[in-house]
Amino acid sequence: MSETRHDSIRAVEWTDQGLKLLDQRVLPLRHEHVLLEDVGGVAQAIRDMVVRGAPAIGVTAAYGVVLAAHDCYGRSSATWKQDVEQDLQLLAASRPTAVNLFWAIDRMRAHIADIEGDPTGGLLAEAMRIHEEDIAANRRMGELGAALITRQCAVLTHCNTGSLATGGYGTALGVIRTAYGEGKIERVYADETRPWLQGARLTAWELVEDGIPVTLLVEGAAAHLLKQGGVRWVIVGADRIAANGDTANKIGTYNLAVAARYHGVKFMVVAPTTTVDMSVHNGAAIQIETRSPEEILTIQGQRIAPRGAEAWNPSFDVTPAELVDAIVTEKGVVTAPTVEKMAAMMGRHH
Ligand code: MRU
C-alpha cells in the first residue's frame, strides 16, 4: 500500500508530559498543540472541539482515563477505583452523540476492575491498544470500501473523517485514500460543512497534503453536483450506527443521502465497529447534540446575523438505513443494511 505524507499526522499523541492534541479549531492556518495534564482538561478539549471526530474522541477519552487514574491513585491508593468513577462521568458528559466515547470509557473501566497496584502503566498500554486498533481498522476499511468502487469516478464526502478524526488514516477518507491509490478516484468533492468548516479546513488540508485533487463546495451545492453525473459515490463516516443500520453523522449527511438516492448515486458509510451501538434499535433513540447558537450567528467571533435572530444548531442528523447502500466496518461490508445483517456482521470474528 502506498504511504502518504498525511498518514503520519496524529491528532492525538501520548507524551511523557501528558496528552498532546493538535488543535483542530485553528487548522490549517495555524499548527498548534494543546498539552493536557489532567482529565478536566481532556473533557474540556473534547467539548470545545480541540479534538473531534468519533474515533479520535474515543482515543482521547481513553488517554484521559489514564490521567484520571494516575491522579486518583496518587491521592489515595485505597479508594482510587471509586474516586475515578466521577472522572469517567466527566469525560462521558463531554459530547453525547459519538458512541466511541462511551465505548472507550467502558473498555477502560473494565480494565480498571482487573488492576492491582499503580494503574498508570497498565491503563496506558490499554489506551495505546485502543489507538493502534483504530488505525488497523481504518486500514482494513480502506481496502474493503475501495473494493466497492468498481470504476473510475468522482466521489463526494462530508465533514472530516481522516487522520484528524481518528487514530490515524481515516474512515471515509481512508477509503478515499486507498481507492485513490488504486487509481479509482479522479477527484474528491468535499462539502465545506458549516458551521465548523471541517470540510474546508480539515478534509481539504489532508487531501491537498496527500496530493489528491479536491474541490470544495458549500453543502447547499451538493444536490446540484449529484445531478450532473460524474460523482458515483457519496462516502461518509458515522458518529453512531444503530442496530438496524440507521446512521448518525454530521448535520447535512441526511440531505446528501436523500439527494444521492434521487440521483442514483451510491451512498457508503464507513465506520469501525466501535461506532456501532447495538443497544440502540434505531436512529430515533440516538441522542443528537445541539450546540451553541453562537456557532451559527457568528463567524470566527464576528456577528453576522441581526440581534434578535435565533439559531438552531443540531450537530448531527440521522440517515435512515434504507438510504444507505453499504456500511463498511473492519469486520466486513453490509449492503442494504437490516437488523439481521448488522447482527451477523457484528458477531463475526475479525
Ligand atoms: O462534530 P465533529 O467534527 O466531531 O463531527 C464529526 C463527524 O461527524 C464525522 O463524520 C464522524 O465523527 C466520523 S469521523 C471518522
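For the structure itself, look to the data block above.
Criteria and thresholds
Residues numbered from 1 in each chain as written. Predicted model: local features only at pLDDT ≥ 70, side-chain atom pairs only at ≥ 80, totals over all residues. Heavy atoms only, no water. Near = heavy atom within 4 Å. Polar contact = N/O pair within 3.5 Å; in protein donor to acceptor, adjacent residues only side chain to side chain. Areas by Shrake-Rupley, 256 points an atom, 1.4 Å probe, with all protein chains shown as cover. Helix = DSSP H or I, 4+ residues; strand = E, 2+ residues; numbered from the N terminus. Nonpolar A, V, L, I, M, F, W, Y, C, P; charged D, E, K, R; others polar. Buried < 20%, exposed > 50% of the residue type's maximum accessible area, 1.4 Å probe, protein only. Pairing = 2+ DSSP bridges. Axes fitted to C-alpha atoms, helices over the stretch in contact; angles between N-to-C directions. Contact = heavy atoms within 4.5 Å.

> Could you clarify how one ought to interpret the site of the ligand in this entry?
Lining the immediate surroundings of the ligand are 18 residues, of which Arg95, Gln198, Asp239, Asn249 and Lys250 lie closest. Within the side chain of Arg95, one N or O atom sits 2.8 Å away from an oxygen atom of the ligand. Within the side chain of Asp239, a nitrogen or oxygen atom sits 2.7 Å from an oxygen atom of the ligand. Summarising the interface, the protein chains cover 100% of the accessible area of the ligand, which totals 420 Å² for the free molecule. Contributing elements (two or more residues each) for the shell around the ligand: helix 2 (54-75) and strand 9 (247-250). Residue classes in the shell around the ligand are distributed as seven nonpolar, seven polar and four charged.

> Honestly, the pairing of strand 10 (residues 266-270) in this entry has me stumped. Any pointers?
On any regular strand, side chains alternate: one points to one face of the sheet, the next to the other face. The buried count for strand 10 comes to four of five residues, which makes it a mostly enclosed element. In this structure, strand 7 (residues 231-236) lies alongside strand 10, joined through four bridges in parallel fashion. Looking at strand 10, one finds that Val234 is bridged to Phe267. Where strand 10 and strand 15 (residues 326-329) come together, three bridges link them in parallel fashion. What sits directly across from Val270, in strand 15, is Val328.

> Would you mind showing me how to read the sheet that holds strand 16 (residues 332-335) here?
Strand pairing in a sheet relies on backbone hydrogen bonds. The paired strands run either parallel or antiparallel. Taken in spatial order, the seven strands line up as 6-5-4-7-10-15-16 in an open sheet, and their pairing is mixed. If you trace the sheet from one side to the other, it starts and ends with strand 6 (214-217) and strand 16, each paired once. The sheet shows a mean angle of 25° between the axes of neighbouring strands, taken without regard to direction. Across four bridges, the pairing between strand 15 and strand 16 is antiparallel. Along strand 16, the bridge assignment pairs Ala326 with Thr335. Sitting on the sheet, helix 5 (residues 120-148) touches strand 7, strand 10, strand 15 and strand 16, and the angle it makes with strand 15 is about 155°.

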